[in-house]
Amino acid sequence: VQLVESGGGLVQTGGSLRLSCAASGRTFSSYAMGWFRQAPGKEREFVAAITWIGGIAVYADSVKGRFTISRDNAKNTEYLQMNSLKPEDSAVYYCAADPRPFQNRYVAYYNPSKYEYWGQGTQVTVSS
């Protein structure tokens, strides 16, 4: 499985960006998907995840109400709509895929070890 992110860039405070993550493979609909981010000098942190059944979304408190995760199984693509961006949202954003969500159902969505596949990341910079 290959994951390719796109949509990052430079935006002013209060602006919006939409990240996309295109996945290879024919079983995307059976994956749980997530977004993480990593700022310089900081650990990778959970941003959002979406379940493989029902498309239920889970968010970090820091982005709740501002970010929306979604998926289009017909296009093998996951999205992260980011609104009301803040300078502290600046980071490299990574998409991640869990190809065995049933087996991993007791691993929390915010735990990076849940995800087997990772993209290369896309830079998001929010200027103040």
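In the block above lies the structure referred to throughout.
Residues numbered from 1 in each chain as written. Predicted model: local features only at pLDDT ≥ 70, side-chain atom pairs only at ≥ 80, totals over all residues. Heavy atoms only, no water.

Asks: In this structure, what is going on with the pairing of strand β11 (residues 122-127)? I would like to understand it.
Replies: Along a regular strand, successive side chains alternate from one face of the sheet to the other. Only one face of β11 is buried: it carries Thr122, Val124 and Val126, and the other face, with Gln123, Thr125 and Ser127, is open. Of the strand pairs in this sheet, strand β9 (residues 91-98) and β11 are connected by three bridges, and their pairing is antiparallel. Pairing of alanine 91 across the sheet is with valine 124, part of β11. (Buried < 20%, exposed > 50% of the residue type's maximum accessible area, 1.4 Å probe, protein only. Helix = DSSP H or I, 4+ residues; strand = E, 2+ residues; numbered from the N terminus. Pairing = 2+ DSSP bridges.)

Asks: Explain the sheet that holds strand β1 (residues 3-6) to me, please; I cannot follow it from the model alone.
Replies: Backbone hydrogen bonds are what pair the strands of a sheet, in a parallel or an antiparallel way. Judged by pairing direction, the sheet is antiparallel, and its four strands sit side by side in the order β1-β3-β8-β7 without closing on themselves. The sheet terminates laterally at β1 and β7 (67-72), the two strands that pair on one side only. Adjacent strand axes in the sheet meet at a mean angle of 15°, parallel and antiparallel pairs treated alike. Inspection of the sheet shows strand β3 (residues 17-23) paired to strand β8 (residues 77-82) by six bridges, in the antiparallel sense. Directly across from serine 20, in β8, lies its bridge partner tyrosine 79. (Axes fitted to C-alpha atoms, helices over the stretch in contact; angles between N-to-C directions.)

Asks: Where do I start with the environment of tyrosine 59 in this structure?
Replies: By the secondary structure assignment, tyrosine 59 is in strand β6 (residues 57-59). Spatially, the C-alpha atom of tyrosine 59 lies 20 Å from that of glutamine 123, the residues being 64 residues apart in sequence. Sequence-distant contacts of tyrosine 59, that is, excluding residues within four places in its chain, are made with Phe46, Val47, Ala48, Lys64, Phe67, Thr68 and Ile69. Engagement of the side chain of tyrosine 59 in a polar contact is seen with the backbone nitrogen of isoleucine 69, the distance being 2.9 Å. (Contact = heavy atoms within 4.5 Å. Polar contact = N/O pair within 3.5 Å; in protein donor to acceptor, adjacent residues only side chain to side chain.)

Asks: Teacher, can you tell me more about unusual backbone geometry here?
Replies: Leave glycine aside and you will find that most residues have negative phi; peptide bonds, for their part, are mostly trans. Despite not being glycine, asparagine 76 has its phi angle at roughly 50°, a positive value. Among the secondary structure elements, asparagine 76 is positioned in the loop between β7 and β8. Located in the positive-phi region is serine 84, a residue other than glycine, with phi close to 50°. Exposure remark for serine 84: the relative accessible area of 41% places this residue in the partly exposed category.

Remember, this is a structural readout, not a statement about activity or role.
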